[in-house]
Amino acid sequence: MIQELPPVSSVPLREKVYYWKCDRPAAFHGTEVQSSAADLHPQVLALLQARQPGLTIDLKDGGGQGNHRTFVARIGSSDVFVRIEDGPERDDYIETESRIQEAVRALGVKTPRVIDVDASRCEVPFAWQLMEAVPHPDLNHWHKQGRLDLPRMAREIGAAVARWQDVPVEHYGPFQSGNNGLKGFHLTYASYFKLNLETHLDFLTRREFLLPDQADEIRQVIQDHETLLDLACGCLVHKDLALWNILGTEDEIAAFIDWDDAISGDPLDDLSLLGCFYDGTVITQALAGYTRIKPLPLDYRRRFWLHLLRNMIVKAVIRVGAGYFDRTDGFFLIGSGSSGADLRQLTLDRIQTAVSGLREDRKLATLP
């Protein structure tokens, strides 16, 4: 059993969360070990049958590798994608996520249409979301096969980021539930950005992923650039942007999915998330796509490096805590022919690159 992060004790849940997968009270639920979707099959089937009486329903495992259980249901002649949140915290963010997704669709960014959603747990002991099924794999599928023109696709991703930043938001961080708009819990961006930072760094040093001197260096470089956190207003941030959360063909994006971690934050945050996985060539093209729609903010390079650093700290916590470094290249995060050990080294290297980039204001094209 892994050593979990100290539990977050607060209601509403998301108020004390920087990133759900590691800060939730049941830290790493659904990421350390995948529970079998088959265990939920009878309840999900009954739920669908109650909504579509008289229709034949064929329910199959959706094959998801994230923290949600997923299914694909053939209902009559139509396919529906089913997502389940079955954590012990009884989190209701799936309803907020659905509102975000529909707001993004309204701006012309491709996302699956939400058919229905319910986090009340009145009928079943889990929250659920029904969406139109998009008949395409994620872009990581094509990338692993060497069939994706990633720099070209990055331009389209960058343009989509610029578009969804026009969704109206208030305050910062995760959004409050039961609000007609999208209003974050935090009055300042700095209070959200630094939330649980010490907990994350302490976890990584206790687990001997970072040396104490490395953690101190990270603390210092963030402190030296705190003025970058003085935002006048926030924008919508997907907060988990990567190829496995984009569906499509090798030539075209069909849908951006998994808005479960969406927040109000910094314009460079989503672009920095691409930097967690891809090199400077990809980032340069994403920036070119972004600037087709809107100009980059001042200090965009340092903002990129600062957010790359924060995001890589979170990803390191998840990867250490959930045992990702022990997995093989069948896992979505590990490239073909690589290993968990390679992912560990890449994670360390990305953190150090972000520290150096922030301190030296490096050009983003230098990201290896």
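Numbers given for residues are sequential positions, taken from 1 along each chain in its written order. Where totals are concerned, whole chains, interfaces and linings use all residues; where local detail is concerned, this predicted model gives features only for residues with pLDDT of at least 70, and gives and counts side-chain atom pairs only at 80 or more. The basis for every side-chain value is the complete set of non-hydrogen atoms in the structure, without hydrogens or water.

A. Fine view of the packing of aromatic side chains. Any two of the Phe, Tyr and Trp rings considered here, Trp counted by its six-membered ring, make a pair once their centres fall within 6.5 Å; the pair's planes then place it as stacked at under 30 degrees, edge-to-face at over 60, or tilted in between. A full pass over the atoms with the stated rule returns 11 aromatic pairs. When the centroid spacing of 5.8 Å and the interplanar angle of 50 degrees are considered together, the rings of Phe277 and Tyr278 count as tilted. With relative accessibility at 17%, the residue Phe277 sits in the buried group. Directly above the ring of Trp20 sits Arg14, whose terminal nitrogen or CZ lies 4.2 Å from the centroid. The buried label applies to any residue whose accessible area, calculated with a 1.4 Å probe on protein chains only, is under 20% of its type's maximum; exposed applies above 50%, and partly exposed to all values in between. Only when the NZ atom of a Lys or the CZ atom of an Arg is both within 6 Å of the ring centre and within 35 degrees of the ring normal do we say a charge sits over the ring.

B. Highlighting helix H11 (residues 300-321). Compared with an ideal rise of 1.5 Å per residue, which puts 22 residues at 32 Å, H11 spans 31 Å between its outermost C-alpha atoms and is within 8% of the ideal. Secondary structure elements follow DSSP: runs of H or I of four or more residues count as helices, runs of E of two or more count as strands, with numbering from the N terminus. Where burial is concerned, most of H11 is hidden: 19 out of the 22 residues are buried. Residue Gly323 follows H11 closely and has a positive phi angle near 75 degrees. Expected helix span is computed as 1.5 Å times (number of residues minus one).

C. Structural view of the packing of H11 against helix H12 (residues 340-360). All axes are obtained by fitting lines to C-alpha atoms, using only the stretch in contact for helices, and the reported angles, taken between N-to-C directions, cover 0 to 180 degrees. At a closest axis distance of 8 Å, the pairing of H11 and H12 adopts a crossing angle of 155 degrees. The pairing of H11 with H12 is recorded here as roughly antiparallel in orientation. Our pair here, H11 against H12, has a crossing hand that is left-handed. Each of Arg302, Trp305, Leu306, Leu308, Leu309, Met312, Ala316 and Arg319 in H11 lies in contact with H12, whose residues at this interface are Leu343, Thr347, Arg350, Ile351, Thr353, Ala354, Val355, Gly357, Leu358, Arg359 and Glu360. When residue character is reported, Ala, Val, Leu, Ile, Met, Phe, Trp, Tyr, Cys and Pro are called nonpolar, Asp, Glu, Lys and Arg charged, and the others, Gly included, polar. Partitioning the contact of H11 with H12 into residue classes produces 11 nonpolar, 3 polar and 5 charged. Just so you know how the angles are binned, under 35 degrees is roughly parallel, over 145 roughly antiparallel, 65 to 115 roughly perpendicular, and the rest oblique. Crossing handedness is defined as follows: a turn of the near helix away from the far one that is anticlockwise and smaller than a right angle gives a left-handed crossing, while the clockwise case is right-handed. Only heavy atoms matter for contacts: two residues are in contact if any of them lie within 4.5 Å across the pair.

D. Here's a closer look at helix H3 (residues 93-106). Here H3 spans 20 Å end to end across 14 residues, near enough to the 20 Å set by a 1.5 Å rise per residue. Contacts from the buried residues of H3 go to strand E3 (78-85), strand E4 (114-118), strand E5 (127-132), helix H5 (150-164), strand E6 (172-175) and strand E8 (235-237). Just beyond H3, the residue with positive phi is Gly108, at close to 95 degrees.

E. Representation of the environment of Arg350. Positionally, Arg350 belongs in helix H12. Among the residues examined, Arg350 registers a relative accessible area of 5% and is labelled buried. Residues Arg350 and Gly275 lie 75 residues apart in sequence; the distance between their C-alpha atoms is 8.5 Å. If sequence neighbours within four positions are ignored, Arg350 has contacts with Gly275, Cys276, Phe277, Tyr278, Asp279, Met312, Leu367 and Pro368.

F. Structural detail: the pattern of salt bridges. We define a salt bridge as a side-chain nitrogen of Lys or Arg found within 4 Å of a carboxyl oxygen belonging to Asp or Glu. By the definition in use, this model includes 30 salt bridges. Taking the shortest distance from any N to any O, the salt bridge between Glu217 and Arg359 comes out at 3.1 Å. Residue Glu217 is located in helix H8 (residues 212-224), and its partner Arg359 is located in helix H12; the two are separated by 142 residues in the primary sequence. For Arg359, a relative accessible area of 40% puts it in the partly exposed group.

G. Seen up close, the sheet that holds E5. The pairing criterion is simple: DSSP has to find at least two bridges between the two strands. Pairing is antiparallel across the open sheet formed by 5 strands, whose spatial order is E1-E2-E3-E5-E4. Both edges of this open sheet fall to strand E1 (57-61) and E4, since each of them pairs with a single strand only. Ignoring strand direction, the axes of neighbouring strands in this sheet form an average angle of 20 degrees. Running at roughly 145 degrees to E1, helix H2 (residues 41-51) makes contact with E1, strand E2 (69-75), E3, E4 and E5 of the sheet. Running at roughly 20 degrees to E5, H3 makes contact with E3, E4 and E5 of the sheet.

H. The arrangement of the layout of surface pockets in detail. As defined here, a cavity is a set of points on a 1 Å grid over the protein atoms alone where a 1.4 Å probe fits but cannot get out. A pocket is an open set with protein on both sides within 12 Å along at least five of seven lines, and residues line them when an atom is within 4 Å of a point. Grid points are joined across faces, edges and corners, and a volume is the space filled by probe spheres set on the points. What the largest pocket holds in volume is close to 1,000 Å³. For the lining of the largest pocket, the secondary-structure elements that each account for two or more residues are E2, E3, E5, helix H4 (139-144) and H11. In this structure, the second largest pocket encloses a volume near 300 Å³. Mapped by element, the contributors of at least two residues to the lining of the second largest pocket are H4 and H12.

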